[in-house]
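Here is what each chain is made of, one letter per residue.
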2 protein chains.
Amino acid sequence: MTPEAVVRDESRTERKKREKLTRIMRTARQLFERKGFDATTMREIAAKADIGHGTLFLYARSKEDLLVMMFRDEVGRAVDEAIATVPRRRALIDQLLHVLGALVSHHERNVALARVFVKELPFVDDTRHGVAAFMANLLTHMAELIAGAQAAGELATEPPPKLLASNVFAIFFSVLQRWLGHQRIDAAERDSLIRARIALQLECFRGKTARRASR
Amino acid sequence: MTPEAVVRDESRTERKKREKLTRIMRTARQLFERKGFDATTMREIAAKADIGHGTLFLYARSKEDLLVMMFRDEVGRAVDEAIATVPRRRALIDQLLHVLGALVSHHERNVALARVFVKELPFVDDTRHGVAAFMANLLTHMAELIAGAQAAGELATEPPPKLLASNVFAIFFSVLQRWLGHQRIDAAERDSLIRARIALQLECFRGKTARRASR
DNA sequence: GGTCAGAACTGACCGTTGTCAGTTTCAACC
DNA sequence: GGTTGAAACTGACAACGGTCAGTTCTGACC
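Below is a short write-up of the structure. (Residues numbered from 1 in each chain as written. Chains lettered and ligands numbered in written order. Predicted model: local features only at pLDDT ≥ 70, side-chain atom pairs only at ≥ 80, totals over all residues. Heavy atoms only, no water.)

A word on the pattern of salt bridges. As a working rule, side chains carrying opposite charge can pair if their charged atoms are close by. Following the criterion strictly, the structure yields 19 salt bridges over all chains and no others. Linked through salt bridges whose partners overlap, the residues forming this network are A:Glu108, A:Arg190 and A:Asp191. (Salt bridge = Lys/Arg side-chain N within 4 Å of Asp/Glu carboxyl O.)

Printed below as a string of structure tokens:
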């Protein structure tokens, strides 16, 4: 099924819905970025998107939901690009940080909005927007990088890649939460913490070559 | 300074404030537990605590804040007790799970409230209630358990205990978020995930005896 | 092209949280 | 015990998010 076919198959209703959603997302992005999350009202977004404000709640269950949908799109694209440009023949940790760094970079563009996103992320209802799919995609690719390092002998083969990827992401995410949360740490400390703590999880499983060299 | 001295030094204003806070917390706990978080209103809490509802906002910046204050107290006590009863001469992971398990047990009493708490925890303003102190306390004691295992030769001495404790907690917390968040996993899966993933972080640093035995 | 079921849409409405200008209470000092 | 400045308190108020009964649109079928 080509994209054209998809578009052609679309009924008028479906096309209008899609266009409306696009309009909503663009408007929301503009307002959230210009005025901030709290200062933007759902009524305002609806008015600027030229729909009744009740309609807006058919597309996003809540204001937070709207922001998560928006971020999921943007962050998803950023991560996809980062995955496509992972440097080959580099240490595993640098490859992982290449991907996770893309996430950080995106969040750095607007810390206040990122805070809301990161706060909601673990709690959104995944049946609506594809947050679960986004996470699954990210973890799968991280697991592939890990499996690659295992195949190359950089890492011991015992730990299941998926489980290790989950741990690495959990560690990363906790630093992200700390950065965006109450404890105001600066960018430098954030980055060095991310590296040090992920290294602590990977280090132990360093391949036999690496381990012998270090002892 | 004995507690009596503290009480004696207290002015009438200060005593009334303290009593009012106690009354607020007790009332909030009752209502939150009976009716749930959303169904309880700030006006209702204020009325039952016999204060103007504007006053309530002098004691808790928001409704979420109120819940966090309440949980911080309860969970703090639960953790302190767990720390005091850590089994000696057991594997490190069992000791850590003894403490973290106390947290889980408490949250199991009311999952809906725990969800709000866990969602807010990384983002509360730590200058008000002692959330930062609570976390510092927990991480310090976890680090002590780790240092103990290192001294006993159960664990390699390279990893800084504090850093390792942070990682263990991050991993634990991510499973907690997943349990309370969108992906509904059951208690059994939650517990086995917690154990497996923390083991993955600790395993690598198993002391020389243990490592030799396992190879 | 007429009919109809259901999907999409709307805005008046509700109850909420959180604010703030004005009021009361308090303790320290004369 | 009178004065006073500040801290604690209050509830009318504003503005918001979210709901839902009623309305409009749409496309499938005869």
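Turning next to the side chain of B:Thr27. On the secondary structure map, B:Thr27 appears in helix α2 (residues 12-35). Excluding residues that lie within four positions of it along the chain, B:Thr27 makes contacts with B:Ile45, B:Lys48 and B:Ala49. (Helix = DSSP H or I, 4+ residues; strand = E, 2+ residues; numbered from the N terminus. Contact = heavy atoms within 4.5 Å.)

Residue and element names in this part refer to chain B. Position of threonine 13 relative to the elements: it lies in helix α2. Accessibility expressed as a relative area gives 55% for threonine 13, which makes it exposed. For the pair threonine 13 and leucine 97, spaced 84 residues apart in sequence, the C-alpha separation works out to 43 Å. (Buried < 20%, exposed > 50% of the residue type's maximum accessible area, 1.4 Å probe, protein only.)

Taken together, 23 residues sit near DNA strand D, with A:Thr13, A:Lys16, B:Lys20, B:Thr55 and B:Tyr59 positioned nearest. Sugar plus phosphate: this is where 65% of the atoms of DNA strand D within 4 Å of the protein reside. A:Arg43 has a polar side-chain atom sitting 2.9 Å from a base nitrogen of DNA strand D. A distance of 2.8 Å separates a phosphate oxygen of DNA strand D from a polar atom in the side chain of B:Tyr59. Taken together, the elements giving at least two residues each to the surface near DNA strand D come down to α2 (12-35), α3 (42-48) and α4 (53-59) of chain A together with α2 and α4 (53-59) of chain B. Looking at the surface near DNA strand D, the element that brings in the most residues is α4(B), giving five residues. A breakdown of the residues in the surface near DNA strand D according to their chemical character gives five nonpolar, eleven polar and seven charged. (Near = heavy atom within 4 Å. Polar contact = N/O pair within 3.5 Å; in protein donor to acceptor, adjacent residues only side chain to side chain. Nonpolar A, V, L, I, M, F, W, Y, C, P; charged D, E, K, R; others polar.)

What follows is about the environment of A:Ala91. As for its placement among the helices and strands, A:Ala91 is situated in the loop between α5 (63-84) and α6 (92-108). Along the chain, A:Ala91 and A:Gly54 lie 37 residues apart, while their C-alpha atoms are 51 Å from each other.

In the region of DNA strand C, 23 residues are neighbours, and A:Lys17, A:Lys20, A:Thr55, B:Thr13 and B:Arg43 sit closest. Among the atoms of DNA strand C close to the protein, meaning within 4 Å, 67% are from sugar or phosphate groups. Here a phosphate oxygen of DNA strand C and a side-chain polar atom of A:Thr55 are 2.6 Å apart. For the surface near DNA strand C, the elements supplying multiple residues, two or more each, are α2 and α4 of chain A together with α2, α3 (42-48) and α4 of chain B. For the surface near DNA strand C, the leading source of residues is α4(A), giving five residues.

With that settled, consider unusual backbone geometry. With phi around 65 degrees, A:Asp50 is a residue other than glycine that occupies positive phi space. Within the secondary structure layout, A:Asp50 lies in the loop between α3 and α4. In the Ramachandran plot, B:Arg89 falls in the positive-phi region, its phi being about 55 degrees despite a non-glycine side chain. In this fold, B:Arg89 is placed in the loop between α5 (63-84) and α6 (92-108). With relative accessibility at 86%, the residue B:Arg89 sits in the exposed group.

Our focus in this paragraph is the packing of aromatic side chains. The full count for this structure, using the stated rule, is eight aromatic pairs over all chains. Between the aromatic rings of A:Phe169 and A:Phe173, the centroid separation amounts to 5.6 Å while the plane-to-plane angle is 25 degrees, which identifies the pairing as stacked. Remark: A:Phe173 and A:Phe169 occur in helix α9 (residues 161-180); sequence separation between them is four residues, near one turn of the helix. The residues A:Phe169 and A:Phe173 share a single accessibility class, namely buried. Taking the centre distance of 5.8 Å and the plane angle of 50 degrees together, the rings of B:Phe169 and B:Phe172 count as tilted. One end of the pair, B:Phe169, and the other, B:Phe172, are both in helix α9 (residues 161-180), three residues apart, so they sit about a helical turn from each other. Using a relative accessible area of 11% as the deciding quantity, one classes B:Phe169 as buried. Above the ring of B:Phe37, the side-chain terminus of B:Lys63 is found at 4.8 Å from the ring centroid. (Phe/Tyr/Trp six-rings, centres within 6.5 Å; stacked < 30°, edge-to-face > 60°. Lys NZ or Arg CZ within 6 Å of the ring centre and 35° of its normal.)

The subject of this paragraph is the packing of helix α10 (residues 187-203) of chain A against α9(B). The geometry of α10(A) relative to α9(B) is characterised by a closest axis approach of 10 Å and an angle of 85 degrees between their N-to-C directions. By the criterion of interaxial angle, the relationship of α10(A) to α9(B) is roughly perpendicular. On α9(B), the residues that touch A:Leu193, A:Ala196, A:Arg197, A:Leu200 and A:Gln201 of α10(A) are B:Leu163, B:Leu164, B:Ser166, B:Asn167, B:Ala170 and B:Ile171. Residue composition of the contact of α10(A) with α9(B), grouped by class: seven nonpolar, three polar and one charged. (Axes fitted to C-alpha atoms, helices over the stretch in contact; angles between N-to-C directions. Parallel < 35°, antiparallel > 145°, perpendicular 65-115°, else oblique.)

With that settled, the discussion passes to helix α7 (residues 111-120) of chain A. If you check which residues of α7(A) are buried, you get A:Leu113, A:Ala114, A:Val116, A:Phe117, A:Val118 and A:Glu120. Tucked into the core, α7(A) has its buried residues touching α2, α5, α6 and α9 of chain A together with α7 (111-120) of chain B.

A word on the interface of chain B and chain A. Between chain B and chain A, the residue contacts involve 35 residues of the former and 35 residues of the latter. Taken together, the two surfaces of chain B and chain A that pack against each other cover about 2,900 Å², and 63% of this comes from carbon and sulfur. Its largest share of buried area at the contact with chain A, chain B owes to B:Phe123, B:His182 and B:Leu200, together 25% of the area lost on that side. If you look at where chain B meets chain A, you find two salt bridges. A salt bridge links A:Lys119 to B:Glu120; the shortest N-O distance between them is 3.1 Å. (Buried area = accessible area lost by both parts, 1.4 Å probe.)

It is worth spelling out the packing of α2(B) against α5(B) at this point. Helices that pack against each other are described as a pair by the angle of their axes relative to one another and the distance between those axes. Residue and element names in this part refer to chain B. With their axes 10 Å apart at the nearest point, α2 and α5 run at an angle of 95 degrees to one another. Considered as vectors, α2 and α5 are oriented roughly perpendicular to each other. Of the residues in α5, those touching α2 at Leu21, Ile24, Met25, Ala28, Arg29, Phe32 and Glu33 are Lys63, Leu66, Leu67, Met69, Met70, Asp73 and Glu74. Taken together, the residues of the contact of α2 with α5 break down into nine nonpolar, no polar and five charged.

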